[in-house]
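Summary of structural features
Chain by chain, the residues run as shown.
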Amino acid sequence: LAASVSLGLLRLEADAPRPQEHGTKSLAAFRAFLDGRHALMQSDFTRAEGSFREATQLDSAYGPGLTWLGISLYLRAISGAASLQRVGSNIAQHSTLAMESLDRSTGQDRLHIAAFYHFQRGDFEESRRFYRELVESYPDDILGWLMRGALETNDLWMGSLPCLLY
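For every chain, the first residue of its written sequence is number 1, and the numbers climb from 1 along that sequence. At least 70 in pLDDT is required for a residue's local features to be given in this predicted model, at least 80 for side-chain atom pairs to be given and counted, and no such filter applies to totals for whole chains, interfaces and linings, which use all residues. With hydrogens and water set aside, each side-chain value is computed from the structure's full complement of heavy atoms.

To continue, consider the side chain of S127. By definition, any uninterrupted DSSP run of H or I lasting at least four residues is a helix, any uninterrupted run of E lasting at least two residues is a strand, and each is numbered from the N terminus. Within the secondary structure, S127 is located in helix α7 (residues 124–137). Two residues qualify as a contact provided that any one of their heavy atoms is within 4.5 Å of a heavy atom in the partner residue. The contact partners of S127, leaving out residues within four places of it in the chain, are A115, H118, F119 and L151.

Next comes the structure, spelled out in structure tokens:
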């Protein structure tokens, strides 16, 4: 039951997803990516980071894997498990590499890549625009709503980002 709920939250519950529809041709990278998304939804940021790192080692140009690796590093930092100053350059590096691979991604993945790229650069207006589009197009995207809400309300945990991540 937990697996099907997780897949439903990730909008992957219908037909078996194909890795190439999610930015990679590597089934192993896609499986690691899915494990990372599952771990992230359980707030297991350490396992999520490891899974996304594995996905990007298997496919170094895997945009969604790179973006979600950056997101997991960011979430670990704001949860207190890491320092934004320590991981900020890694977040920027992964997000920039993901943007360079944007043409390999579509739909929801593409919006996450662009939205988080602008977020980590401190371009909150552009990030807001992409997160709005994301939740309008994919209303059950939990992380999209979380990030949109943070951007719309200027949540305090974002306060020090602009000078740390670009």
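Structure's up, so let's keep going.
To continue, consider helix α5 (residues 84–100). One turn of the α-helix equals 3.6 residues, which is why residues spaced by three or four share an orientation. What a helix is expected to span follows from its residue count: subtract one and scale by 1.5 Å. In this model, α5 (17 residues) spans 23 Å end to end at C-alpha, consistent with the 24 Å of a helix rising 1.5 Å per residue. Burial in α5 covers these residues: L84, V87, G88, I91, A92, H94, S95 and A98. A simple rule labels every residue: compare its accessible area, found with a 1.4 Å probe on the protein chains alone, to the largest value its type can have, and call it buried under 20%, exposed over 50%, or partly exposed in between.

So, on to the pattern of salt bridges. Here, a salt bridge means any Lys or Arg side-chain nitrogen found within 4 Å of an Asp or Glu carboxyl oxygen. By the definition in use, this model includes eight salt bridges. R76 is the partner of E49 in a salt bridge, and the nearest nitrogen-oxygen pair spans 2.4 Å. Taken as a pair, E49 in helix α3 (residues 45–58) and R76 in helix α4 (residues 63–78) lie far apart in primary sequence, 27 residues in all. Take E49 and R76: they sit in the same class, and that class is buried. Linking R104 and D59 is a salt bridge whose minimum nitrogen-to-oxygen distance equals 2.7 Å. Of this pair, R104 sits in the loop between α5 and α6 (107–121) while D59 is found in the loop between α3 and α4, placing the two residues 45 residues apart along the sequence. Since its relative accessible area comes to 13%, D59 is described here as buried.

Only centres within 6.5 Å qualify two rings of Phe, Tyr or Trp (six-membered ring in Trp) as a pair; their planes then separate them into stacked at under 30 degrees, edge-to-face at over 60, and tilted for everything else. The full count for this structure, using the stated rule, is eight aromatic pairs. Geometrically, the ring pair formed by Y74 and F119 is edge-to-face, given 5.3 Å between the ring centres and 80° between the ring planes. In this pair, Y74 is assigned in helix α4 and F119 in helix α6, connecting sequence segments 45 residues apart. Here a set of aromatic residues connected by ring pairs shows up, and it is made of F30, F33, F52, Y62 and W68. Either the NZ atom of lysine or the CZ atom of arginine qualifies as a charge over a ring when it sits within 6 Å of the ring centre and within 35 degrees of the ring normal. We note R37 situated over the ring of W68; from NZ or CZ to the ring centre the distance is 3.9 Å. One Lys or Arg, R129, reaches over the ring of F130 and ends 4.4 Å from the middle of that ring.

Here we take up the packing of helix α2 (residues 27–41) against α4. With their axes 11 Å apart at the nearest point, α2 and α4 run at an angle of 25° to one another. On the basis of their axis angle, the class for α2 and α4 is roughly parallel. Considering how the two elements wind past one another, α2 and α4 form a crossing that is left-handed. Seen from α2, the contacting residues are F33, R37 and L40; seen from α4, they are P64, G65, W68, I71, S72 and L75. Note on residue classes: Ala, Val, Leu, Ile, Met, Phe, Trp, Tyr, Cys and Pro are nonpolar, Asp, Glu, Lys and Arg are charged, and everything else, Gly too, is polar. Of the residues in the contact of α2 with α4, the class split is six nonpolar, two polar and one charged. Working convention: axes come from line fits to C-alpha atoms, limited for helices to the stretch in contact. Angles between N-to-C directions cover 0 to 180 degrees. By definition in this entry, angles of less than 35 degrees are roughly parallel, angles greater than 145 are roughly antiparallel, angles of 65 to 115 are roughly perpendicular, and the rest are oblique. Crossing handedness follows the turn of the near helix against the far one: under a right angle anticlockwise gives a left-handed crossing, and clockwise gives a right-handed one.

Looking now at the environment of S51. For S51, the position within the fold is in helix α3. Each residue touching S51, except ones within four places of it in the same chain, is listed here: A32, D35 and G36.

For residues besides glycine, phi is generally negative; the peptide bonds are generally trans as well. Despite not being glycine, S43 has its phi angle at roughly 60°, a positive value. Structurally, the position occupied by S43 is in the loop between α2 and α3.

Moving on, we get to the nonpolar core. Working definition of a nonpolar core: buried Ala, Val, Leu, Ile, Met, Phe, Trp, Tyr and Cys residues. They are joined through side-chain atoms within 4.5 Å. In terms of nonpolar packing, the biggest core is built from 35 residues, with F33, L40 and F116 touching the most fellow members. If you list the elements that add at least two residues to this core, you get α2, α3, α4, α5, α6, α7 and α8 (142–153). Contact partners of F116, with chain neighbours within four places excluded, come to T67, G70, I71, Y74, I91, S95, Y131 and M147.

Worth remembering: the numbers are spatial, not functional.
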